[in-house]
Amino acid sequence: MELDPLILSRIQFAFTISFHILFPSFTVGLACWIALLEALWVGTGKGIYRSLSEFWTRIFALSFGLGVVSGIVMSYQFGTNWSRWSDTVGNVLGPLIQYEVVTAFFLEAAFLGIMLFGRDRVPRGIHLMAACLVALGTLLSSFWILSANSWMHTPAGFEIRDGRYFVTDWWQVVFNPSFPYRLAHMVTAMFLTTSFVVAGISAFYLLTRRHFDHAKLGLSMALALITVLAPLQIFLGDEHGLNTLEHQPAKIAAMEGNWEGGPRAPLILFGIPDVEKETNHWEVGIPALSSLILTHDFDGSVPGLKQFPVDERPDPRIIFWTFRLMVGIGFLMLAVAVVHLVLRFRGRLYGSDWFFRVLVGCMPIGFIAILAGWFTTEIGRQPWVVYGHMRTADAVTPSLTTEAALISLLSFVVAYAIIYGAGTYYLIRLLRIGPTHVHDAKQPPEAQRPKRPLSATDQSIEPAE
Amino acid sequence: MQEIAEGSLLTLIWVGIVGFAVFMYVLMDGFDLGIGILYPFAPTEEDRDTMMNTVAPVWDFNETWLILGGAGLFAAFPIAYAVVLPAMYIPLLVMLIALIFRGVAFEFRFKARAGRHWWNRSFFFGSLLATFAQGVILGSFIQGIPVEGRQFVGGMLHWLSPFALFCGAMLVVGYALLGATWLIWRTIGPLQDWCYRMARGLMLVVLAGVAVVSLWTPFLLPQIAERWFSMPNMIFLSPVPIVTAVLAFALWRAIDNSREVAPFVLSMALFALSYLGLAISLWPHLIPPGVTVWEAASPPETQVFLLVGMAFLIPSILGYTAYSYWVFRGKVTGSFGYH
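Below is a short write-up of the structure.

Analysis parameters
- Residue numbers here run from 1 along each chain, matching the order of that chain's written sequence.
- All chains are assigned letters beginning with A, and all ligands numbers beginning with 1, in the order in which they are written.
- Totals for whole chains, interfaces and linings use all residues, but because this is a predicted model, local features are given only for residues with pLDDT of at least 70 and pairs of side-chain atoms are given and counted only at 80 or more.
- Numbering of helices and strands starts at the N terminus; helices are DSSP runs of H or I of at least 4 residues and strands are runs of E of at least 2.
- The size measure is the radius of gyration over C-alpha atoms, and the globule rule it meets is 2.2 Å times the number of residues to the 0.38 power.
- Exposure criterion: with C-beta atoms placed from backbone coordinates, a residue whose C-beta has 20 or more other C-beta atoms within 10 Å is buried, one with 12 or fewer is exposed, and one in between is partly exposed.
- By definition, residues are in contact whenever their C-beta atoms, placed on the basis of the backbone, come within 7 Å of each other.
- The convention used is that axes are lines fitted to C-alpha atoms, helices contributing only their stretch in contact, and that angles between N-to-C directions extend from 0 to 180 degrees.
- An angle counts as roughly parallel when it lies under 35 degrees, as roughly antiparallel when it exceeds 145, as roughly perpendicular when it falls between 65 and 115, and as oblique in every other case.
- Working rule for handedness: look at the near helix, and if it is turned counterclockwise from the far one by less than a right angle, call the crossing left-handed; if clockwise, right-handed.
- Asp, Glu, Lys and Arg are counted as charged, while Ala, Val, Leu, Ile, Met, Phe, Trp, Tyr, Cys and Pro are counted as nonpolar; the rest, among them Gly, fall into the polar class.
- The term nonpolar core means buried Ala, Val, Leu, Ile, Met, Phe, Trp, Tyr and Cys residues held together as one set by C-beta atoms within 7 Å.
- A helix is expected to reach a length of 1.5 Å times the quantity of its residues less one.
- This arc describes the spread of directions from the helix axis toward the C-beta atoms.
- Two strands form a pair only when DSSP identifies at least two bridges running between them.

Some thoughts on the overall build of chain A
Right, so step 1: Looking only at helices and strands, chain A features 13 helices and eight strands.
Right, so step 2: Relative to a compact globule of 465 residues, whose C-alpha radius of gyration would be 23 Å, chain A shows 24 Å and is just as compact.
Right, so step 3: Overall size of chain A, expressed as C-alpha extent along the three principal axes, is 75 × 55 × 45 Å.
Right, so step 4: In chain A, buried positions account for 53% of the 465 residues.

Some remarks on the overall build of chain B
Right, so step 1: Scanning chain B for helices and strands turns up 14 helices and four strands.
Right, so step 2: Along the first, second and third principal axes, the C-alpha atoms of chain B reach 65 × 40 × 40 Å.
Right, so step 3: The proportion of buried residues among the 339 residues of chain B is 51%.
Right, so step 4: By sequence separation, contacts in chain B at least 24 residues apart represent 76% of the contacts at least 6 residues apart.

A closer look at the packing of helix 1 (residues 5–44) of chain A against helix 2 (residues 47–81) of chain A
Residue and element names in this part refer to chain A.
Right, so step 1: Running from N to C, helix 1 and helix 2 cross one another at 150 degrees; their axes reach a closest spacing of 7 Å. Here helix 1 is positioned roughly antiparallel relative to helix 2, judged by the angle of their axes. Viewed along their axes, helix 1 and helix 2 form a crossing whose handedness is left-handed.
Right, so step 2: Along the lines of polarity and charge, the residues of the contact of helix 1 with helix 2 split into 21 nonpolar, 14 polar and two charged.

Remarks on the interface of chain B and chain A
Right, so step 1: On the side of chain A, 66 residues touch chain B, which itself brings 68 residues to the contact.
Right, so step 2: Counting only elements with at least two residues in the side of chain B that touches chain A, the list comes to helix 2 (45–55), helix 3 (59–76), helix 4 (78–87), helix 5 (89–109), strand 2 (151–152) and helix 14 (300–327) of chain B.
Right, so step 3: Tallied by class, residues from the side of chain B that touches chain A come to 45 nonpolar, 15 polar and eight charged.

A few points about the nonpolar core
It is characteristic of soluble globular proteins that their nonpolar side chains tend to be buried jointly.
Right, so step 1: Formed by 251 residues in total, the largest nonpolar core has its most connected members in Ile226 of chain A together with Ala80, Val83, Leu96 and Ala180 of chain B.
Right, so step 2: With 21 residues, helix 3 (residues 83–117) of chain A is the largest single contributor of residues to this core.
Right, so step 3: What leucine 96 of chain B contacts, discounting residues up to four positions off in sequence, is Ile72, Val73 and Tyr76 of chain A.

Side note on helix 10 (residues 316–345) of chain A
Helical geometry: 3.6 residues make up each α-helical turn, so side chains three or four residues apart lie on a common side.
Residues and elements named next belong to chain A.
Right, so step 1: Across its 30 residues, helix 10 extends 44 Å between first and last C-alpha, which sits within 8% of the 44 Å expected from 1.5 Å per residue.
Right, so step 2: Every buried residue of helix 10 is listed here: Pro316, Ile319, Phe320, Thr322, Phe323, Met326, Ile329, Gly330, Met333, Val336 and His340.
Right, so step 3: One or two positions beyond helix 10, positive phi appears at glycine 347, with a value near 70 degrees.

Points about the packing of helix 3 of chain A against helix 14 of chain B
Relative placement of two packed helices is described by the angle separating their axes and the distance separating the axes.
Right, so step 1: In the contact formed by helix 3 of chain A and helix 14 of chain B, the axes pass within 10 Å of each other and the chain directions differ by 15 degrees. When the axes of helix 3 of chain A and helix 14 of chain B are compared, the pair comes out roughly parallel. Here helix 3 of chain A runs over helix 14 of chain B; the crossing is left-handed. Side by side, helix 3 of chain A and helix 14 of chain B meet where Asn91, Gly94, Pro95, Gln98, Tyr99, Val102, Thr103, Phe106, Ala110, Gly113 and Ile114 of chain A of the first sit next to Thr302, Phe305, Leu306, Gly309, Met310, Leu313, Ile314, Ile317, Tyr320, Thr321, Ser324 and Val327 of chain B of the second.

Some details on the environment of arginine 121 of chain A
Residue and element names in this part refer to chain A.
Right, so step 1: As for its position among the elements, arginine 121 is in the loop between helix 3 and helix 4 (124–153).
Right, so step 2: Look at arginine 121 and you get partly exposed, because 17 C-beta atoms sit within 10 Å.
Right, so step 3: Considering only alpha carbons, one finds arginine 121 and serine 141, 20 residues apart in sequence, at a separation of 27 Å.

Describing helix 11 (residues 239–256) of chain B
All names here are of chain B.
Right, so step 1: Here helix 11 spans 25 Å end to end across 18 residues, near enough to the 26 Å set by a 1.5 Å rise per residue.
Right, so step 2: Within the span of helix 11, buried status applies to Thr244, Leu251, Ala254 and Ile255. Down the axis of helix 11, the buried side of the element spans an arc of 90 degrees, and every buried residue falls inside it. Seen from the open side of helix 11, the exposed residues pointing more than 90 degrees away from its buried face are Pro239, Ile242, Phe249 and Asp256.
Right, so step 3: For helix 11, the secondary structure elements touched by its buried residues are helix 8 (189–220) and helix 12 (262–282).
Right, so step 4: A positive backbone phi angle near 55 degrees is found at serine 258, which sits one or two residues after helix 11.

Observations regarding the pairing of strand 5 (residues 279–286) of chain A
All names here are of chain A.
Right, so step 1: Burial within strand 5 is sparse, with just zero of its eight residues counted as buried.
Right, so step 2: Sheet analysis places strand 4 (residues 267–274) next to strand 5, joined by six bridges and oriented antiparallel. The partner of isoleucine 268 across the bridge, within strand 5, is glycine 285.

Looking at the environment of asparagine 280 of chain A
Residue and element names in this part refer to chain A.
Right, so step 1: Take asparagine 280: it is sitting in strand 5.
Right, so step 2: Separated by 22 residues in sequence, asparagine 280 and asparagine 258 place their C-alpha atoms 8.5 Å apart.
Right, so step 3: Leave out the neighbours within four places in its chain, and asparagine 280 touches Gly257, Ile268, Gly271, Ile272, Pro273 and Asp274.

Here it is as structure tokens:
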């Protein structure tokens, strides 16, 4: 593969958005969880809710900061590296991005300040409202950006004049065919991701016999949510897949690793797709199961890659695997939910060290599944940037040189390695320290205010030299 | 005719909105970037804590205006977004990387102990380079961007020129002035005294810089010279330099008389006047020297769709911004939080 501005820009986009997406994936669910804890604190006056909320708010602040700085990069990268795309679709997608900024970003940023530093400066109700508005902001942000992304998969409500796109129906643009499915699938994924982190951290405290009350509360709430969402997510994923079958059949063929297509197609469990020979090596499949899953009929006909012109086929070599990874994690999540139910009914939820170890091990699976899913859907859209209308190769900035693209890619790699390395280090330290005790509201409130606003902790979290 | 007139009004409104967003960004991130620029020169480490605390609750909010400016261009003037950003590829890269290092310093610095000096540096160099890059972008934007077939056609170093570098240096001083006067307002004691001293020196450099840029710009582009120095424009536009001189004098007096709020307000007013002068120079071009706002505007259906939401959202954003600043009003002292 030769390095040119196109491939370098694609790698840069994939790199920066993959790091960026980790934070929204976590903070959307976390913001809602914090808002819930704040509501419980205001409602019951029990100190444990407040101290748990303050603990997770510290984690949230750090993650949110990393999300903000990596997000600014995204909003400029469209123009710097994909200027043809920007000019062509600006009339359609610009407003969606703009609405994300004015409905979500400002809301989050303004009320995050109050949520982090304002507890002693505003009435309790306002503080709760700030937490709720931050959560609302994160959800609105997901709404707009997923709408814009979905439009590029299933464009609708526009016409092309002089090579540029003009909107004919905004409703169809925003609620384009794949948007409801993608939104439901992604938001559920984000809540699952947060739940697995909360469950994992709580299990870690239970394993190390610390913060027992906080950990029990966190574990119980997170697992309850997982039990509802894990099966729901499998259902939503299936629905999303059927929607993709309808609108992007070539992507389905690549995900399934299916070259021939047609009725009674096998579900391929293992195989090494070979693009040159248009076949899979060492294929292991279950006969007719793919047809059954995709069409709900053994004799149903499914798409195969050979049905599409060579220059309109997505490359199956990566997404065949990322798709399986995502689905595998989905079923792992379901298994955790089932085991949790069994343990809870036997009354052994808080006494099973082996299950805690499983949960600690499962902490990153939500992130992995989200990345795998996005790799699947985005690589599966290729060679199109706007599906069926504009090729990725025609979207890149014409003036961009290979040297400049290489410099920017390397700069981002180095910067992110430093920032994310340090961020992970401080996050782990925060998690190791754990929640601090807060009295119930009826007892005299502690007089001490956080001394330094950004870290609500009273001391640096790094050990002294 | 009727249809064109309506489209023009919409475009004018959008010029106003995007212009407002960019100006809000310059003012609001200006003072907190300025604090980063002054940061290593502060008398003590406690002062540095205080300086950071004065903007900790609002910095990411301030930076959101930058995204609004970018997204506003993308939506309302897609061609400007598609031309200006590739033309500024390298300075934008510097700005983005610098903003990353500066932004995370807010979070990391207070959590670090042994590593704190690294985040101090990250905050300073991040603020400095981000500001410098913004100034360079401004300068090379004024000088003009070659466009062909709706795309930028210059080289990757097209932005590089003495004028652009000078603008970069001047913006550093300008933001430092905003930062110093903000700190005069929000701090007390020795730190405030230090800020008065800094503000006085910075102001002189800023005024000299404004004068140099104002005289240099007409030499660069004849159309700008004609805008300002032809009759009757010269008479109509004369209030701009006159008001600037009056503001500069008022700022000098305010610092001399140890006023607390006035220096910040007057510094912002100086920025507003410079911004106005720039707008007068460039109008009606959105991408100098060739593309006007009318040519760059997105179609009415796009502008209307956005405007419906903006009419309601921008006022509410300003409302809760005001509320947030009000919540965190008052002096910030030492490392003992807000009082």
